[in-house]
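Summary of structural features
For reference, the chains in residue letters:
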Amino acid sequence: MAEKDYYETLGVARDADDAAIKRAFRQMSKKYHPDINHEPGAEQKFKEINEAYQVLSDPQKRAAYDQYGSADGPQGFGGGQGFGGQGFGGQGFSSQGFGGFDDIFSQFFGGGGGGQAPNAPRQGADLQYRMDLTFTEAIFGKKTKISYDRDAVCHTCGGSGAKPGTSPVTCSKCHGSGYIQVQRNTPLGAMMSREVCDVCHGTGKEIKDKCVDCHGTGHQKERHTIDVTVPAGVEDGQQMRLREAGEAGQNGGPYGDLFIVFRVAESAKYKRDGSTIYLSLSISFAQAALGDAIKVDTVHGPVELKIPAGTQTDSKFRLRGKGAPRLQGAGTGDQIVTVTVKTPKSLNQKQKDALMAFAAASGEDVTPHEGSLFDKVRDAFKK
Ligand code: ZN
Ligand code: ZN
């Protein structure tokens, strides 16, 4: 393996910093991941990328590799094994069920199941943030800043947990593997089992001189503030994922994600279902019978609606493009206006005369009751 050029494998310069290496690794491994790239040789390339990253992301191994052309240093520690074999490399991710491109990294770093070495990089925890939006904000989206507390990589030690100027050293008990072999005496005889190293707790590293700010954990609580662009057209209960805005990972693994869950306030005027907005409107009997052009409110401003002559109550009119933007796909939904023909509750003499004339013209013989509906109800209770 001495011939392998890990820098070339990841496509980074020899003096690339940790962030550049991590970035290159994420890009390359997405590109060559066997679930995505089915070209011949992609899987081999993917393994090489992992191997390169295992070495270059570890200051100790990287230093040894730079000096000796091998991550094991001149004589090696812990024999033939080391970084290439397991946890990252052969198993766990290739066989089964990734939900899709997005899930690869959470599976890769986080999930993985029992086969993962305790010193393998693991993605940090996901966080959830609830964001309240007004009815209109959800329709038009907005740019905003949010702040929340999270576990971040310690700014003092860069996550190593070691006092600045010092580095963690390879754990003397497990030689960096994070595992130890433990012999237990049982009624069936001595049994060997593999357990997480009790000295380094699986990290494979020992910190002699701890960073005073994080006490060796490599993590620090921080108030994190980010800019958020709420997309136009979100709905109540929907969520948005912000990559790596969650908590810091373990063993150099990436940050978890932040899920913003939207709570959208209701409107007193409109109802909304997806991209469709509903509005109820009352019109008079005369407008319904004769037709009219009326101004109707929409979230985009008032528009003119033509009510045709002879409109019945509960008729629906569609105002194209006056609804909410569609989150998936292009365009904007419609507004549906439902009209209710209102019957006047009290009439003056002139109106009564006009309606009597209308009834006569229609060939009806109407005998009006005196008093309003309210009067009749009241009278009914008096009896
Ligand atoms: Zn620290
Ligand atoms: Zn150890």
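All chains use their own residue numbering, which begins from 1 and follows the written sequence. All chains are assigned letters beginning with A, and all ligands numbers beginning with 1, in the order in which they are written. Totals for whole chains, interfaces and linings use all residues, but because this is a predicted model, local features are given only for residues with pLDDT of at least 70 and pairs of side-chain atoms are given and counted only at 80 or more. Computation of side-chain values covers all heavy atoms of the structure but excludes hydrogens and water.

What about the coordination of the zinc ion (ligand 1)?
Around a metal, the perfect tetrahedron of four donors has angles of 109.5 degrees, and the perfect octahedron of six donors has angles of 90 or 180 degrees. Taken together, C154 (SG), C157 (SG), C211 (SG) and C214 (SG) make up the full set of protein donors to the zinc ion (ligand 1), lying 2.2 to 2.3 Å away. Each metal site lists N, O and S donors within 2.8 Å (3.2 Å for Na, K and Ca). With water left out of the atoms, a site can look as if it is missing ligands. All donors of the zinc ion (ligand 1) come from a single chain, and their spacing in sequence reads C-x2-C-x53-C-x2-C. Of this pair, C154 sits in the loop between β2 (142-153) and β3 (169-170) while C211 is found in the loop between β6 (205-206) and β7 (219-230), placing the two residues 57 residues apart along the sequence. For every residue, the accessible area obtained with a 1.4 Å probe (protein chains only) is divided by the maximum for its type, and the residue is called buried under 20%, exposed over 50%, and partly exposed between those limits. Taking relative accessible area as the criterion, C154 reaches 1% and is therefore assigned buried. Helix and strand assignments come from DSSP, with helices taken as H or I runs of at least 4 residues and strands as E runs of at least 2, each series counted from the N terminus.

What about helix α3 (residues 42-56)?
For the α-helix, the turn length of 3.6 residues means that residues three or four positions removed from each other point alike. Given the number of residues in a helix, its expected span is that number minus one, multiplied by 1.5 Å. Given a rise of 1.5 Å per residue, 15 residues ought to cover 21 Å, and the 21 Å separating the end C-alpha atoms of α3 matches this to within 8%. Within α3, burial applies to A42, F46, I49, N50, E51, A52, Y53, Q54, V55 and L56.

Some thoughts on the packing of aromatic side chains
To pair, rings of Phe, Tyr and Trp, with the six-membered ring standing in for Trp, must have centres within 6.5 Å; the planes then decide the type, stacked if under 30 degrees apart, edge-to-face if over 60, and tilted in the middle. Scanning all chains against the criterion turns up 6 aromatic pairs. Judged by centre distance (6.1 Å) and plane angle (40°), the ring pair of Y7 and Y65 falls under tilted. With Y7 in helix α1 (residues 6-10) and Y65 in helix α4 (residues 59-68), this residue pair connects regions lying 58 residues apart in the sequence. The exposure class of Y7 is buried, given its relative accessible area of 2%. On the accessibility criterion, Y65 (5% relative accessible area) is buried. Grouped by ring-pair contacts, the aromatic residues Y6, Y7 and Y65 constitute a single cluster. Above the plane of the ring of Y32 lies K45, whose end atom (NZ or CZ) is 5.5 Å from the centre. A ring has a charge above it when a Lys NZ or an Arg CZ is no more than 6 Å from the ring centre and no more than 35 degrees off the ring normal. The side chain of R194 reaches across the aromatic face of Y179, ending 3.6 Å from its centre.

Quick look at the coordination of the zinc ion (ligand 2)
Protein ligation of the zinc ion (ligand 2) involves C171 (SG), C174 (SG), C197 (SG) and C200 (SG), the donor distances falling in the range 2.2 to 2.3 Å. Between the 4 donor atoms coordinating the zinc ion (ligand 2), the angles at the centre fall across 102 to 118°, so the site counts as tetrahedral. Positions of the donor residues of the zinc ion (ligand 2) along the chain correspond to the pattern C-x2-C-x22-C-x2-C. C197 gets classed as buried once you look at its relative accessible area, which sits at 1%. Square planar and octahedral sites, with four and six donors, are those where opposite donors lie more than 155 degrees apart and all other angles lie between 65 and 115, tetrahedral sites have four donors with every angle between 85 and 135 degrees, and the rest are irregular.

As for the sheet that holds strand β9 (residues 258-264)
Strands in a sheet are paired, the pairing made by backbone hydrogen bonds, and the direction either parallel or antiparallel. Whether two strands pair depends on DSSP finding at least two bridges between them. Sheet architecture is open: 3 strands sit in the order β1-β9-β8, paired in mixed fashion. Looking at the sheet topology across the chains shown, the edges are occupied by β1 (127-133) and β8 (239-242). On average, each strand axis in the sheet is tilted by 25° relative to the strand beside it, whichever way the strands run. Angles shown run from 0 to 180 degrees and are taken between the N-to-C directions of axes, each axis being a line fitted to C-alpha atoms and, for helices, limited to the stretch in contact.

Description of the pattern of salt bridges
Salt-bridge detection follows one rule: a side-chain nitrogen of Lys or Arg within 4 Å of a carboxyl oxygen of Asp or Glu. What the rule picks out here adds up to 20 salt bridges. With its nearest N and O atoms 2.8 Å apart, the salt bridge here joins K173 to D198. Here D198 lies in the loop between β5 (189-196) and β6 and K173 lies in the loop between β3 and β4 (179-186), a separation of 25 residues in the sequence. What makes K173 partly exposed here is its relative accessible area of 40%. Each of D151, K221 and E247 takes part in a single network of salt bridges with overlapping partners.

Considering a nonpolar patch on the surface
Residues form patches when they are more than 30% accessible in relative terms and have no salt bridge. Like charges link within 9 Å. Nonpolar side chains (Val, Leu, Ile, Met, Phe, Trp, Tyr) link within 5 Å. Where accessible areas are quoted, they stem from the Shrake-Rupley method and a 1.4 Å probe; at the residue level, only the protein chains shown are allowed to cover. Residues F285, L347, L355 and F358 make up a contiguous nonpolar surface patch of roughly 330 Å² in combined accessible area. On the secondary structure map, L347 appears in the loop between β15 (335-342) and α8 (349-361). Judged by relative accessible area, L347 falls into the partly exposed class, the value being 32%.

Geometric values such as these leave the question of function open.
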